[in-house]
Amino acid sequence: PKLPRRFRGSPARYLALRYRLAKARRTRLDGAFLVHQAALEISRAASAAEIIHATARALESAPDPCIVYQASPDGLSLQVPRGENVVQIAVEHIETLITEGPDRGMIQTWLLDPPAQPLQDVLIEWACTSAILAPIRKGGAIAALIMVGLESEKKYSQPALQVYATIAKIAETGLEKTEAIQGAQRPMAELEAFNFISQAVAGQT
């Protein structure tokens, strides 16, 4: 095909532009698919644990290496859902990594403090020089953590990074929804138990 006038005499520049446009379009499609898949998986979940598992399943098709950690009840460790991979790192240290520093939510593999050694080991295994940390919160506290490895040669745009933050927000909304449903069901269960006991007592009387 005939090149546009501004690209005539520079086929390499034209091909580079086509590659960048194709890559950007592919990234948008991958991002939209991931968000849609996560929303679909999470909508089917009926409990907090299932929501974390659904998020992990949705991110299995991500173009970047991802892992989802679930915070322990005592806040002293992270664990891969339905796995034996336990990371001994306090959730409060994760909170520090997310909220402090010039690039909040972005960590550099070789600049991590000793308490974050387990995360560093994972990133080294992935051959990633940095990572995104996207927290999934419940009641303000970190209930789970999405870690996305970034390769050194990759330059991520803000929309691409926003994909993982959006998935984390969808999971948070799911957690709030299940908590609200369980909170509404609890008084009903107590009332049913009270009625059952009252009927039993009346029958005995």
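A. Looking closely at the overall build of the protein. A count of helices and strands for the protein gives five helices and six strands. The buried share of the protein, taken over its 205 residues, is 34%. Within the protein, counting contacts between residues at least 6 apart in sequence, those at least 24 apart form 49% of the total. For the protein, the computed accessible surface area is about 12,900 Å², with 56% contributed by carbon and sulfur atoms.

B. Structural context of the environment of I67. Mapped onto the secondary structure, I67 falls in strand 1 (residues 66-71). The class for I67 is buried, based on a relative accessible area of 14%. Filtering out sequence-adjacent residues up to four positions away, I67 remains in contact with V80, N85, W126, L145, I146 and M147.

C. Main features of unusual backbone geometry. For A127, which is not a glycine, the phi torsion comes out positive at approximately 60°. On the secondary structure map, A127 appears in the loop between helix 4 (117-126) and strand 5 (130-138). Using a relative accessible area of 60% as the deciding quantity, one classes A127 as exposed.

D. Structural detail: the pattern of salt bridges. Counted by the stated rule, this structure contains three salt bridges. A salt bridge links E95 to R137, with the shortest nitrogen-to-oxygen separation between them at 2.6 Å. With a gap of 42 residues between them, E95 in helix 3 (residues 91-99) and R137 in strand 5 connect regions that are remote in the sequence. Judged by relative accessible area, which is 23%, E95 ranks as partly exposed. On the basis of relative accessible area, R137 is assigned to the partly exposed category, the value being 22%. The partner of E172 in a salt bridge is K169, and the shortest N-O contact between them spans 3.6 Å.

E. How the structure looks around the side chain of E41. Mapped onto the elements of the fold, E41 is located in helix 1 (residues 11-43). A distance of 3.1 Å separates a polar atom in the side chain of E41 from a polar atom in the side chain of R57. Beyond its immediate sequence surroundings of up to four residues, E41 is in contact with A54, R57 and A58.

F. Highlighting helix 3. For helix 3, the complete set of buried residues consists of V91, H93, I94, L97 and I98. Axial view of helix 3: buried residues confined to an arc of 155°, hence all on one face. On its buried face, helix 3 is in contact with strand 1, strand 2 (78-79), strand 4 (106-108), helix 4, strand 5 and strand 6 (141-150).

G. Quick look at the sheet that holds strand 6. The six strands lie next to each other as 3-2-1-6-5-4, forming an open sheet whose pairing is antiparallel. Looking at strand neighbours, the two that pair on one side only are strand 3 (86-87) and strand 4, the edges of this open sheet. Bridge analysis of strand 5 against strand 6 gives nine bridges, and the strand direction is antiparallel. Looking across to strand 6, one finds that R137 is bridged to I142.

H. How the structure looks around the nonpolar core. Counting residues in hydrophobic clusters, the biggest one holds 26 residues, and the most contacted among them are I136, I146, Y164 and I167. It is helix 5 (residues 158-204) that provides the largest number of residues to this core, a total of seven residues. Once you skip the residues sitting within four places of it in the chain, I136 turns out to touch T55, A141, I142, A143, A144, I146, A168, A171, E172 and L175. L112, A116, L145 and M147 belong to the second-largest nonpolar core, a separate cluster that totals 22 residues.

I. Focus on the pairing of strand 1. Bridge analysis of strand 1 against strand 6 gives five bridges, and the strand direction is antiparallel. Residue pairing for strand 6: Y69 is matched across the bridge by L145. Hairpin connection between strand 1 and strand 2: a loop of six residues separates the two successive antiparallel strands, and G75 in this loop has a positive phi of roughly 75°.

Parameters and conventions
- Residues numbered from 1 in each chain as written.
- Predicted model: local features only at pLDDT ≥ 70, side-chain atom pairs only at ≥ 80, totals over all residues.
- Heavy atoms only, no water.
- Helix = DSSP H or I, 4+ residues; strand = E, 2+ residues; numbered from the N terminus.
- Buried < 20%, exposed > 50% of the residue type's maximum accessible area, 1.4 Å probe, protein only.
- Contact = heavy atoms within 4.5 Å.
- Areas by Shrake-Rupley, 256 points an atom, 1.4 Å probe, with all protein chains shown as cover.
- Salt bridge = Lys/Arg side-chain N within 4 Å of Asp/Glu carboxyl O.
- Polar contact = N/O pair within 3.5 Å; in protein donor to acceptor, adjacent residues only side chain to side chain.
- Arc of directions from axis to C-beta.
- Pairing = 2+ DSSP bridges.
- Core = buried A, V, L, I, M, F, W, Y, C linked by side-chain atoms within 4.5 Å.

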